[in-house]
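Architecture and fold: a report
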There are 2 protein chains.
Amino acid sequence: MNRIENLQNLMRKRGISAYIIPTEDFHGSEYVGAHFKLREYISGFSGSAGTLLVTLDGAYLWTDGRYFIQAARELDGSRITLMKSGEPNVPEITKFLQDFLSENSALGFDGRVLSADFVLRLQKSLPNVKFKSGEDLGDLIWENRPPLSAQPVYELSERVCGLSRTEKLSLIRAKIAERKADYLVTSALDEIAWTLNLRGSDVDFNPVFLAFMIVGHGSAQIFAESRIFSFEILARLNADEVEVLPYGEFYSACSGLGGAVIADLKSLNFAAYSAMKNAKICKFQSPIMQMKAVKNSTEILSEKSAHIKDGIAVTRFMRWLKTSVQSEKITEISAAEKMEEFRKMGADYLGQSFEPIMAYGEHGAIVHYSATSATNALIEPRGLLLSDTGGHYLDGTTDITRTFVLGVLSDEEKRAFTLVLAAHLELLHARFPRGVRGSALDGIARLPLWREGLDFNHGTGHGVGFLLNVHEGPQRVSWRAVNDAPLEAGMITSDEPGLYVENRFGIRHESLLLCKESAQFDGFLEFEPLTCVPFDRDGIESSLLSDLQKSWFNEYQRWVFDTLSSHLDADEIKWLEEVTKPI
Amino acid sequence: MNRIENLQNLMRKRGISAYIIPTEDFHGSEYVGAHFKLREYISGFSGSAGTLLVTLDGAYLWTDGRYFIQAARELDGSRITLMKSGEPNVPEITKFLQDFLSENSALGFDGRVLSADFVLRLQKSLPNVKFKSGEDLGDLIWENRPPLSAQPVYELSERVCGLSRTEKLSLIRAKIAERKADYLVTSALDEIAWTLNLRGSDVDFNPVFLAFMIVGHGSAQIFAESRIFSFEILARLNADEVEVLPYGEFYSACSGLGGAVIADLKSLNFAAYSAMKNAKICKFQSPIMQMKAVKNSTEILSEKSAHIKDGIAVTRFMRWLKTSVQSEKITEISAAEKMEEFRKMGADYLGQSFEPIMAYGEHGAIVHYSATSATNALIEPRGLLLSDTGGHYLDGTTDITRTFVLGVLSDEEKRAFTLVLAAHLELLHARFPRGVRGSALDGIARLPLWREGLDFNHGTGHGVGFLLNVHEGPQRVSWRAVNDAPLEAGMITSDEPGLYVENRFGIRHESLLLCKESAQFDGFLEFEPLTCVPFDRDGIESSLLSDLQKSWFNEYQRWVFDTLSSHLDADEIKWLEEVTKPI
């Protein structure tokens, strides 16, 4: 752990007792580009979420339930203590720091990679601690650090996204006016991409580009490397009165802002917040988050088209897998490549929407497993393959999990497979009055599992962007959520309950659902599936499903057959008919 | 509306543009004594929740869904505008004031009847408005205002409440130390009564007495009229090192407090908060709220005993009602009196735990209906009687709703009756991991209703105190709740879904449930019913219940029979056997 010692030496020189290294970039992104993977560089833990705290004589890594198994393995042999967030007797980092830091000691971090909200709460909890946020110590010890990404940006047609950027800017200005403010500042990459109808590839799997944005009543500025824009795009931005300024000038622009500024302190970084000395900051959730989450009718039509293409690809993968597993040598990695091959056959396919999870047997129990050459398992004609993958198309983003049955299952596996299916179907068929948040829906989804004393350690649903990040807010389906927004017609949310038995197997069934007004009941909302791929009926123990759940299941399978069959050849149709026949 | 004009005249003289009159007392109580019913005195609206805003040329009353029908009726003919909280296009009072008050205008209220939390948020939302909180204008216009109540206090035996007041004070001091604070200040009447093992009757139906309390590591002070305590109680308080000071001296004691003070700004009034100029205020939910909500094993045994006595009384009422309705003249008021007669036969009965709701026919749709001589309906041998009542016993507090069938029902009534029963049973049999809050459970409870496009406009469950207020936090069962606490073993919570058809009928089925560890599944919690009264099987359309729900229902009815029959005479047992036979 040379890297930790190097950091500790620097900390000693600067009189810093503890240094925080989160997973974030300058934009509060969930996933980050290579330049920002300092936490992984220093700790060796490669999961997508986690916070490292280095003290002068130790190091601690906090991560959540999705990563307990993976982190324990990756940290094994290091001197880093794994802190399992949310487990009893594991203090959160703030509490830990309260106990650890003595009066007048100094806490260090790079003010650009922590949100203003987090730092302000930390300051409140640690009133007698000095905060040193001006220096990125990681930069001094990271040899050959990858530079900031600056990939070219592309533009979406209004035909797929429904609104022009000038229309979106008008809507944003109306929200600014509604709040009696002068400006909106945002650093959230997906909000900026959505507003401008531009996409990029500065973050693996997320079609975003590094930028900040300041919108005023008479101005719109983006801060980004100008070389990422083609002349054509620059000209059109110019015509739409969007000014492009250098990425690094964002902080000085913040210093210059006066008046009332809407800023979402959960995503804006602390350095930018601190720079806005002359402004009155109105701390609101960015109105763009909500606007982006509620898809317009064009985006919905686009997404439906993307999901049919994706459904064809994953259904073909299913057929290939279930027939070839008997005869071919298939590994987790080769299966993921095969999935990608099928997706590439779809029109306007851009790439994967997240790192594929192709997890065979016991690997299925590692919630965010990603096969490496060291772990790559041979897929044999028995047990279960958990396949959680997704794609970006020019007309939308997909995210689907199916758990495929490759041979005879144990009663325990069948029971788990079926109960998770029941949970999935309960959420798919939930109906609820306007205003309900995902916590109430999560009770409905988990009911079939909780009744049997079973549960899983992740959320049941997350928002999904329109050709954007596969995870977005403001809605969620999780009983743990506290500040989530009510579900609204037009939102796209995943439905992905699971069950995991460590060292044995994992089950997850995930579709994306479109929220819509109930046709039958005034004031009620319900869901419609976007994901169009059969569930593997070979895993079902039908005595564990209610009659209603069975009819919901058969209805879904029938819909998949009806929707996909016109796109398939005769052999495929014959096979699909068989796998979608009623239970 | 002379009273409003009188107030407006005073406001004009003092340069106040808007004056807020909430329902609260000096203690943030949900229900208040006669002295505090200024909002009712001025507006004429008698519901238990509502905020009146008087402007120089108008008046507005905000209330919640429970009271929409009642408020509309009571305000009819007045010049007061009814503001239905939570309905679309109805601004909350803060938003309304933002639009209404011009810069530098003054907002008035009595700083003792609004919580510090509410006023601080108001100040934040109205940065350019002057706040005048020093004067109770109501006092100047209310002729013959009832004085502050000062009823005698009684003491509970440790045998029923499990912990002595010195033990409770030690636990509170440990919580103060845990938070690194010096004092805890509380004005919540139930917290003070619980801590001191004392009860009073200064608020109708709530066994509390007017007092404030300051606990330090070496001190415990209560501020209350000394004449409410007997010499014996005063001597025992003295022996336990609890100092009794005059009620009115609380504010000067607050001014004198230094160091770190834990205060729950949601219940502490703004005047007290403002007085604590020398203290560092630690804004936490009062730790007593949580301690009080999690009943100890003695309190649980006591409550079970109280619920058997209450079960006998309500079951006898049910028998009397269903047989006598054919032959006797029964009204809503006489039925409530009869219920009280049956309760009085139980040992250690103290009185009703809230104003009884005995609502026949269309009155059942008024969620918090209370019969008056003007509305008192004759109960006839048809339709439904919704009976929501409760009692205080020396060993506990009850709250029960049964909807009784008095004759042939319509299909719509039966359907509603049965679906609400399904909702009730789903919550009763919910099983869930530790940490889950009531919002997730509310989804489970409402599922049978939502599926049919039906809903009801109140929470599904509230905490209930041990011989204390019939409504208490910190847990709730409501998808609308945002800051509620997770359910914990030892908490007592109501389970009371309903359905209401305006001008037609209302259904509610309510039992109190004890939360406990699951015997079968580690880490899971579940419920056990405390309320022991049959549901009226005559209302059930059994084809609308699942097999599981039917077996749950039969199991409950059987438990009621087994528990009560040893307390009943032969005729009663015969009748009970019939009404609890399986469906």
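Residues numbered from 1 in each chain as written. Chains lettered and ligands numbered in written order. Predicted model: local features only at pLDDT ≥ 70, side-chain atom pairs only at ≥ 80, totals over all residues. Heavy atoms only, no water.

**Remarks on the overall build of chain A**
Note the threshold: Elements are defined by DSSP. Helices are runs of H or I of four residues or more, strands are runs of E of two residues or more, and each kind is numbered from the N terminus. With a 1.4 Å probe rolled over the protein chains alone, any residue whose accessible area is under 20% of its type maximum counts as buried; one over 50% counts as exposed, and the rest are partly exposed. When checking whether two residues touch, look at their non-hydrogen atoms; a contact exists if any pair is within 4.5 Å. All accessibility values rest on the Shrake-Rupley procedure with a 1.4 Å probe; residue burial counts only the protein chains present in the view. We score Asp and Glu as negative and Lys and Arg as positive, and we do not count His or the chain ends. Charge positions come from single atoms, namely NZ of Lys, CZ of Arg, CG of Asp or CD of Glu.
The number of helices and strands found in chain A is 19 helices and 30 strands. By its C-alpha atoms, chain A is 65 × 55 × 45 Å across when sized along the principal axes. Each of the 583 residues in chain A was classed as buried or not, and the buried ones make up 60%. The long-range share in chain A, meaning contacts at least 24 apart out of those at least 6 apart in sequence, stands at 69%. Accessible area for chain A stands at about 22,400 Å²; split by element, carbon and sulfur atoms hold 49% of it. Of the charged side chains in chain A, 61 are positive and 79 negative; the average position of the first set lies 3 Å away from that of the second.

**Some thoughts on the environment of B:Trp142**
All names here are of chain B. Structurally, Trp142 is set in the loop between α6 (137-141) and β7 (154-155). Taking the relative accessible area as the measure of exposure, Trp142 reaches 11% and is therefore buried. On a C-alpha basis, the gap between Trp142 and Thr81 in space is 22 Å, while along the polypeptide they are 61 residues apart. Those residues in contact with Trp142 that lie beyond four places of it in its chain are Ala34, His35, Lys37, Leu38 and Tyr41.

**Observations concerning the sheet that holds strand β22 (residues 400-405) of chain B**
All names here are of chain B. Convention followed: Pairing between strands is defined by DSSP: at least two bridges between the two strands are required. To get an axis, a line is fitted to the C-alpha atoms, and for a helix only the part in contact is used. The angle between two axes follows their N-to-C directions and goes from 0 to 180 degrees.
One open sheet holds the 3 strands; their spatial order is β17-β19-β22, and the pairing between them is antiparallel. Each edge of the sheet is formed by a strand with only one pairing partner; in this case those strands are β17 (357-360) and β22. Neighbour-to-neighbour, the strand axes of this sheet turn through a mean angle of 10°, independent of strand direction. Strand direction decides the pairing type here: β17 and strand β19 (residues 384-389), joined by 4 bridges, are antiparallel. When the sheet's bridge partners are listed, Ile357 is paired in β19 with Asp388. This element, helix α14 (residues 297-324), spans β17, β19 and β22 of the sheet and lies at about 20° to β22.

**Description of the interface of chain B and chain A**
The condition that has to hold: Summed over both partners, the accessible surface that disappears when two parts come together, traced with a 1.4 Å probe, is what is meant by buried area. The salt bridge criterion pairs a side-chain nitrogen of Lys or Arg with a carboxyl oxygen of Asp or Glu, the two atoms within 4 Å. For this analysis, a polar contact is any N or O atom pair within 3.5 Å, provided that within protein one partner can donate a hydrogen and the other can accept it, and provided that sequence-adjacent residues contribute only side-chain to side-chain pairs.
Between chain B and chain A, the residue contacts involve 30 residues of the former and 30 residues of the latter. Carbon and sulfur atoms supply 62% of the area buried between chain B and chain A, which totals about 2,400 Å² over both sides. Ranking the residues of chain B by area buried against chain A places B:Trp450, B:Arg451 and B:Trp479 at the top, with a combined share of 25%. Counting across the chain B and chain A interface gives 4 salt bridges. We note a salt bridge from B:Asp99 to A:Lys180, for which the minimum N-O separation is 3.9 Å. In this assembly, chain B and chain A are joined by 9 residue pairs in polar contact (both at pLDDT 80 or more). Breaking the side of chain B that touches chain A down by element, the ones donating at least two residues are α4 (93-100), β23 (431-433), α17 (438-450) and α18 (547-564) of chain B. Looking at the side of chain B that touches chain A element by element, the count peaks at 6 residues for α17(B).

**With respect to helix α9 (residues 189-196) of chain A**
Within α9(A), 8 of the 8 residues are buried, which leaves the element mostly enclosed by the surrounding structure. A positive backbone phi angle near 55° is found at A:Asn197, which sits one or two residues after α9(A).

**Quick word on the sheet that holds strand β11 (residues 220-223) of chain B**
Residue and element names in this part refer to chain B. The strand order β12-β11-β10-β8-β13-β14 describes an open sheet built from 6 strands, whose pairing is mixed. Only two strands of the sheet have a single neighbouring strand rather than two, namely β12 (243-245) and β14 (279-283). Here the strands of the sheet are splayed against their neighbours by 25° on average, with no regard to which way each runs. Judged from the 4 bridges that link them, strand β10 (residues 212-216) and β11 form a sheet pairing that is antiparallel. From the neighbouring strand, Phe212 faces β11, where its bridge partner is Phe223. Taken strand by strand, helix α9 (residues 189-196) contacts β8 (183-186), β10 and β11, and its axis lies near 55° from that of β10.

**What about the pairing of strand β13 (residues 259-263) of chain B?**
Residues and elements named next belong to chain B. Heads up, the condition is: Look down the strands so they point away from you; if the path from the first strand over the helix to the second goes clockwise, the crossover is right-handed.
In terms of residue burial, β13 counts as a mostly covered element, since 4 of its 5 residues are buried. Here 3 bridges tie β8 to β13, and the two strands are oriented parallel to one another. Residue pairing across strands places Tyr183 opposite Val261, the latter belonging to β13. By the bridge criterion, 5 bridges tie β13 to β14 in an arrangement that is parallel. The partner of Ala263 across the bridge, within β14, is Lys283. As a crossover connection, the stretch from β13 through helix α12 (residues 270-275) into β14 is right-handed.

**Structural notes on the relation of the copies chain B and chain A**
Here is the rule: A residue counts toward the fit only if its pLDDT is at least 70 in both copies, and the copies are then superposed by least squares on the C-alpha atoms of those residues.
Under the fitted operation, chain B is carried onto chain A by 0.0 Å of movement along the axis and a turn of 180°, and the coordinates agree to an RMSD of 0.0 Å. Both copies are brought into coincidence by an operation consistent with a two-fold rotation axis. Among all C-alpha atoms of chain B, that of B:Ala440 lies closest to the rotation axis, at 2.1 Å. Comparing contact sets, 100% of the residues at the interface of chain B also lie at the interface in chain A, consistent with an isologous, same-surface contact.

**Focus on unusual backbone geometry**
All names here are of chain A. Of note, the amide linkage connecting Gly473 to Pro474 takes the cis form, showing an omega dihedral of 5°. Its identity is not glycine, yet Leu467 carries a phi of approximately 40°, on the positive side. Turning to its location among the elements, Leu467 is positioned in the loop between β24 (461-463) and β25 (472-477).

**A word on a positive patch on the surface**
Selection criterion: Within this analysis, patches are made of residues with over 30% relative accessible area and no salt bridge. Like charges are joined at 9 Å or less; nonpolar side chains (Val, Leu, Ile, Met, Phe, Trp, Tyr) at 5 Å or less.
A cluster of basic residues, A:Lys124, A:Lys283, B:Lys124 and B:Lys283, forms a positive patch on the protein surface. As for its position among the elements, A:Lys124 is in helix α5 (residues 116-125). The exposed category is assigned to A:Lys124, whose relative accessible area is 72%.

**A closer look at the pattern of salt bridges**
Residues and elements named next belong to chain A. For the coordinates displayed, the defined rule picks out 76 salt bridges over all chains. Note that Asp190 and Lys292 form a salt bridge whose closest N and O atoms lie 3.1 Å from each other. In this pair, Asp190 sits in helix α9 while Lys292 sits in helix α13 (residues 287-293), placing the two residues 102 residues apart along the sequence.

**Details of the nonpolar core**
Stated precisely, the cut-off is as follows: Throughout this description, the term nonpolar core refers to a set of buried Ala, Val, Leu, Ile, Met, Phe, Trp, Tyr and Cys residues connected via side-chain atoms within 4.5 Å.
Counting 158 residues, the largest nonpolar core has A:Phe317, A:Phe432, A:Leu441, B:Phe317, B:Phe432 and B:Leu441 as its most contacted members. The residues touching B:Leu441, leaving out its near neighbours within four places in the chain, are B:Leu427, B:Ala430, B:Phe432, B:Val436, B:Val477, B:Leu487 and B:Phe527. Judged by nonpolar contacts, the second largest core, of 78 residues, contains B:Phe26, B:Leu198, B:Phe212 and B:Met291.

**Things to note about the pairing of strand β2 (residues 51-55) of chain B**
Residue and element names in this part refer to chain B. With 4 of 5 residues buried, β2 is to be regarded as a mostly interior element. The pairing of strand β1 (residues 18-21) with β2 spans 4 bridges and is classified as antiparallel. For Ile21, the partnering residue across the bridge sits in β2 and is Leu52.

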